[in-house]
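Residues per chain, in single letters:
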Amino acid sequence: MTSILTNLFDGVAYGMLLFVLACGLAVTLGLMNFVNLAHGAFAMAGGYVCMLLVNQHGWPFFAALPLAFVSSAVIGIVLERTLYRHLYARSHLDQVLFTIGLTFMSVAAVDYIQGSSRVFINLPAALEGQFDLFGVGIGRYRLMIIVICGLLTIGLQMVLAKTRFGSRLRAAVDDPRAASGLGINVPQVFAFTFAFGCGLAGLGGALSAEILGLDPYFPLKFMIYFLIVVTVGGSSSITGPFLASLLLGIGDVAGKYYVPKMGPFVIYTMMIVILIWRPNGLFGRTAAR
Amino acid sequence: MFEHKTFSRAAAIAAIAGLAGLTPAKAEDTVKVGLILPMTGGQASTGKQIENAIKLYMQQNGDTVAGKKVEIIVKDDAAIPDKTKTAAQELIVNDKVNFIAGFGVTPAALAAAPLATQAKIPEVVMAAGTSIITERSPYIVRTSFTLAQSSTIIGDWAAQNGIKKVATLTSDYAPGNDALNFFKEHFTAGGGEVVEEVKVPLQNPDFAPFLQRMKDAKPDAIFVFVPAGQGGNFMKQYAERGLDKAGIKVIGPGDVTDDDLLNNMGDAVIGTVTAHLYSAAHPSQMNKDFVAAYKKAFNSRPGFMAVSGYDGIHLIYEALKKTGGDTDGTKLVEAMKGQKWESPRGPISIDPETRDIIQNIYIRRVARSKSDGELYNVEFQVFEAVKDPGKTKK
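Residues numbered from 1 in each chain as written. Chains lettered and ligands numbered in written order. Predicted model: local features only at pLDDT ≥ 70, side-chain atom pairs only at ≥ 80, totals over all residues. Heavy atoms only, no water.

1. Structural notes on the overall build of chain B
The secondary structure content of chain B amounts to 13 helices and 15 strands. Relative to the compact-globule value of 21 Å for 394 residues, chain B shows a C-alpha radius of gyration of 23 Å, a close match. Referenced to the eigenvectors of the C-alpha coordinate spread, the extents of chain B come out at roughly 95 × 45 × 35 Å. Relative to its full complement of 394 residues, chain B shows a buried share of 57%. Expressed as a percentage of contacts within chain B between residues at least 6 apart in sequence, the contacts between residues at least 24 apart total 68%. When the accessible surface of chain B is summed, it comes to about 15400 Å², and 54% of that surface belongs to carbon and sulfur atoms. Computed over 45 positive and 45 negative side-chain charges, the separation of the two mean positions in chain B equals 1 Å. (Helix = DSSP H or I, 4+ residues; strand = E, 2+ residues; numbered from the N terminus. Rg over C-alpha atoms; globule rule 2.2 N^0.38 Å. Buried < 20%, exposed > 50% of the residue type's maximum accessible area, 1.4 Å probe, protein only. Contact = heavy atoms within 4.5 Å. Areas by Shrake-Rupley, 256 points an atom, 1.4 Å probe, with all protein chains shown as cover. Lys, Arg positive; Asp, Glu negative; His and termini not counted. Charge placed at Lys NZ, Arg CZ, Asp CG, Glu CD.)

Here is the structure:
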């Protein structure tokens, strides 16, 4: 029984991590209708910024986390203004080719600057180890992930549903022409949203270094996971990817624990079954614009 | 008049050279070694270590041997066998190399094997570690290790040292399966019991569920083989999950505590016992000099891949010395068989029958050094002149 709960806890933590990593992609892909396969590169950038600040400049881990967010967001906004915006109107194939190229460039650049070996972020002692709660092993680091990611999710949902910016964004997405007619600066809203998505990826990258490992191949290795989350969740809201991440995280951990022989395939099996059942994802809209 | 004089002098020089048996055709003055290594991708640290070690050896020993200049041509295969094959073809056909060498992973070494046989040139394997490799071509010679060498020894050691129940966690690919099977065979023969067996995917992001399974099985120790590079992740999560506090030790072949990465793993790794061919802390003068020179040149610690590359180029040099510079591939392989020398890892030799390496396997425990504060694998027991048990069975 306790091991079921421990696994559930690990699964939730893993799922939350997947969500923070992938929800920026859900935003660009679903809301902005832009295929950004370089999403993982922004996550990696955040991870490396955090690592450099903590390991080489002696920053405390919790001070470096926001910087990971900010730096990825800044890289995101610079690239959006200079490169990405020219591709909004182009075909999805052009977008895929462009962003996959960007991914390979980021891999090569980081490999050149930082070397290809895996790096770790020096964590504060308070985040290491596990404690027992009624016999359930709670990893401190994973607990922190759940707290941070849980708060973020609630915050995101509030921003999208309740704020002026949220309604502008939804309007800009639903009908960009009418929205700009109403005086909404659509490109600016998109740029900001894109940067925010990149920032989240950067934060996810920093948080995931401890669990998934951080090396220059990060964007390629985890691209498939981001895409599965968005595919299974549907990309029209953030609730879909959120539930999909949790489901996949828990399924992945449970699969590896209970049926280790086929563990790695559980996540793919789940994706296939869900897509047969709901081809547009759990919360997908039936028809695209 | 003047021209005539120069001509006669040139003729005289040519005549002397001819008498001395020197045929100064430019192409034959160089010996080319085609080095195929993963310089990018997940195995890049292997490639970099081997390349560094070869550079170091050539700095120390010069780039001429037996009157020939040694030229190294490096090709990156990113550990993808298709690329290895293409690289080997280009090296053999276009560059007309006399050796192919390197090979970060087993599939890469195997992909090049038929080409070595066809071209009749030696393939010097400096990393890849499954037993079968040297059986795939009579031209393959290995200077690294086989997983069977270290896995059988740690199996014997564990059974003899009070470890009764072991759970295994190995990467699901050929070397992982080799490590697992050879360990299991020797450990159970010694009276031990394998209580849990988990094979993890090669590209595994998160060890948590597997480690939880290990913890619930309550073994005395976990036998681990993951490719060098994932060892750090494994050890961190092992500690995070409190397996160290639950009294579960880590044992295995030494890949998990590779010197290249060991120092970043934190205190959780202290006490891990592994069997392996090389430690940067090997207490011989030759190794101390080797580590110091490597550190000075590349600002990092050499691992077992570095020493395998260092010995690989040494073997090439020695073979050329023995053939007197003759680059006939078959003669070179013959010259390599039975070579014996002192390496930074200790005394080693090439088995004349299998062309595989015979070397000492050391049992080591991770400890923090008092002199420089770094983590090292400290050797405390030696199994001498270990042949590859994967072949002696046949």
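From this point, the narrative continues.
2. Points about the sheet that holds strand S1 (residues 30-37) of chain B
Residues and elements named next belong to chain B. Taken together, the 6 strands give an open sheet; going across it, the order is S2-S3-S1-S4-S5-S6, and neighbouring strands pair in mixed fashion. Because the sheet does not close on itself, it has two edges, and the strands there are strand S2 (64-65) and strand S6 (140-142). As paired elements, S2 and strand S3 (residues 68-76) share 2 bridges and run antiparallel to each other. Bridging across to S3, Val 65 finds its partner in Lys 68. (Pairing = 2+ DSSP bridges.)

3. Some remarks on the nonpolar core
In this structure, A:Cys50, A:Phe61, A:Tyr141 and A:Phe218 are the most contacted members of the largest nonpolar core, which totals 87 residues. It is helix H1 (residues 2-31) of chain A that contributes the most residues to this core, 15 residues altogether. Those residues in contact with A:Phe218 that sit more than four places away from it in its chain are A:Leu21, A:Gly40, A:Ala43, A:Met44, A:Ser208, A:Leu212, A:Gly213 and A:Phe226. Membership of the second largest hydrophobic core comes to 86 residues, among which are B:Phe290, B:Tyr317, B:Ile348 and B:Ile357. (Core = buried A, V, L, I, M, F, W, Y, C linked by side-chain atoms within 4.5 Å.)

4. Focus on the UniProt feature "transmembrane region" (unreviewed entry) in chain A
Taken from the UniProt record, the annotation "transmembrane region" (unreviewed entry) applies to residues 12-32, 61-84, 96-114, 141-161, 182-203, 223-250 and 262-279 of chain A. Helix makes up 100% of residues 96-114 of chain A and strand makes up 0%, while its end C-alpha atoms are separated by 26 Å. (UniProt positions renumbered as here; feature names shortened; annotations may be inferred.)

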